[in-house]
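The residues making up each chain are set out below.
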Amino acid sequence: MEAWPSFLIQAGDLLGQAVTPEQERALRAYVAELTQWNARFNLVGPGGMANLLTRHLLDSLRLAPVLSGRERVADLGSGAGLPGLILAICGDPGQTMDLVESIQKKSRFLQHMVDHLGLNARVRVLNARAESLTPAVPYDVVISRALGNLALGARLALPLLRVGGEYATLKGRRHPEDVAVYLRDPVSRAYAPPQIVANGEEGVLIRVQRVKV
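Residues numbered from 1 in each chain as written. Predicted model: local features only at pLDDT ≥ 70, side-chain atom pairs only at ≥ 80, totals over all residues. Heavy atoms only, no water.

Colleague: How would you summarise the overall build of the protein chain if you had to cite specific residues and measurements?
Modeller: A count of helices and strands for the protein chain gives 9 helices and 7 strands. The C-alpha atoms of the protein chain give 16 Å as radius of gyration, which agrees with the globular expectation for 213 residues (17 Å, within 12%). A buried classification covers 51% of the 213 residues belonging to the protein chain. Within the protein chain, counting contacts between residues at least 6 apart in sequence, those at least 24 apart form 68% of the total. In the form shown here, the protein chain has an accessible surface area of approximately 10200 Å², with 52% of it arising from carbon and sulfur atoms. Charge-centre separation for the protein chain: the mean point of 24 positive side chains lies 6 Å from the mean point of 20 negative side chains. (Helix = DSSP H or I, 4+ residues; strand = E, 2+ residues; numbered from the N terminus. Rg over C-alpha atoms; globule rule 2.2 N^0.38 Å. Buried < 20%, exposed > 50% of the residue type's maximum accessible area, 1.4 Å probe, protein only. Contact = heavy atoms within 4.5 Å. Areas by Shrake-Rupley, 256 points an atom, 1.4 Å probe, with all protein chains shown as cover. Lys, Arg positive; Asp, Glu negative; His and termini not counted. Charge placed at Lys NZ, Arg CZ, Asp CG, Glu CD.)

Right, here's the structure in full:
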């Protein structure tokens, strides 16, 4: 794939350090496996596959700064592993990642990739709905991408987070409307005011920190 050299440079910029050879091998293996599985199970739409590196992988890595120094992370609605699995591949080896996905064919693919890449020691696949989760130890960070509006994501993340933990999500150019709806929702009272950072050409990264039990 001709886009790889450019992708690796941009990925390194987002991570704050160059992609290692081991990470590159894992990312290439992910793309190869997803391409094969997607032909049978339609895990990612055809438009997404055509721009997989730029539209999905790089977008996933835009969440990397949120995970820095955090031990326990959950990705809600992980889908084909975007963003959670990509962040686990490129993240801190001491960090654990739970990939939460309720659709069975997608969770099967995730488990296949976790096994294939040898990530079982620090990545778990939970074939469940976020509402059903009762973690023994609360998460430091809950992330999502394309899960729904900000209020929904914050509501699902709230019982999973420790006080002081964060919910972080990526939103597109219509984010001002999304934030306005969120601020009118009672769930916003459990979080500090949103931090909104420009991320890419039209997107933003939104972070909200849990402040109430």
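This is not the end of the story, as more comes after the structure.
Colleague: So what about the sheet that holds strand β7 (residues 203-209)? Which residues, and what values?
Modeller: The mixed open sheet is built from 7 strands, whose spatial order is β3-β2-β1-β4-β5-β7-β6. The open sheet has two edge strands, β3 (123-126) and β6 (195-199), and neither has a second partner. Recorded for the sheet is a direction-independent mean angle of 20° between the axes of neighbouring strands. As paired elements, strand β2 (residues 96-100) and β3 share 4 bridges and run parallel to each other. Its bridge partner being in β3, M97 is matched across the sheet by V123. Against the sheet, helix α7 (residues 104-117) makes contact with β2 and β3, and its axis sits at roughly 165° relative to β3, the strand it touches most. (Pairing = 2+ DSSP bridges. Axes fitted to C-alpha atoms, helices over the stretch in contact; angles between N-to-C directions.)

Colleague: Please provide a residue-by-residue account of the pattern of salt bridges, values included.
Modeller: If charged atoms from side chains of opposite charge come close, those side chains can pair. Taken as a whole and judged by the stated rule, the model has 11 salt bridges. With a closest N to O distance of 3.7 Å, R62 and D59 form a salt bridge. Here E131 and R129 are joined by a salt bridge, their closest N and O atoms 3.3 Å apart. Judged by its relative accessible area of 52%, E131 falls in the exposed class. Looking at R129, the relative accessible area reads 51%, which means it is exposed. (Salt bridge = Lys/Arg side-chain N within 4 Å of Asp/Glu carboxyl O.)

Colleague: Now, about the packing of helix α1 (residues 4-15) against helix α4 (residues 52-61): what can you tell me, with residues and values included?
Modeller: Interhelical geometry of α1 versus α4 gives an angle of 20° and a closest axis separation of 9 Å. Relative to α4, α1 is oriented roughly parallel. The way α1 lies across α4 gives a crossing that is right-handed. Contacts from W4, F7, Q10, A11, L14 and L15 of α1 reach α4 at L53, L57, L58 and L61. (Parallel < 35°, antiparallel > 145°, perpendicular 65-115°, else oblique. Left-handed = near helix turned anticlockwise from the far one by under 90°.)

Colleague: How would you sum up the packing of helix α2 (residues 21-41) against α4? Please name residues and give values.
Modeller: Here α2 crosses α4 at 120°, and the two axes come no closer than 13 Å. As the angle between them shows, α2 and α4 are arranged oblique. The hand of the α2/α4 crossing is right-handed. Where α2 abuts α4, its residues L27, Y30, V31 and L34 lie against L52, L53 and L57. Of the residues that constitute the contact of α2 with α4, the class distribution is 7 nonpolar, no polar and no charged. (Nonpolar A, V, L, I, M, F, W, Y, C, P; charged D, E, K, R; others polar.)

Colleague: Tell me about unusual backbone geometry, and name the residues and values.
Modeller: The linkage connecting L82 with the following residue, P83, adopts the cis geometry, with an omega of 20°. Unusually for a residue other than glycine, N42 sits at a positive phi of about 50°. Within the secondary structure, N42 sits in the loop between α2 and α3 (46-50).

Colleague: Would you mind going over the packing of aromatic side chains in detail, with residue names and values included?
Modeller: For the coordinates displayed, the defined rule picks out 4 aromatic pairs. With a centroid separation of 5.4 Å and 45° between ring planes, the pair formed by W37 and F41 is classed as tilted. One end of the pair is W37 and the other is F41, both in helix α2 and 4 residues apart, which spans about a single turn. F41 sits in the partly exposed class, given a relative accessible area of 24%. An aromatic cluster is built from Y30, W37, F41 and F109, whose rings are joined through pairwise contacts. When the ring centre of W4 is taken as reference, the NZ or CZ atom of R28 above it lies at 4.4 Å. (Phe/Tyr/Trp six-rings, centres within 6.5 Å; stacked < 30°, edge-to-face > 60°. Lys NZ or Arg CZ within 6 Å of the ring centre and 35° of its normal.)

Interpretation note: all reported values are geometric properties and have no functional meaning in isolation.
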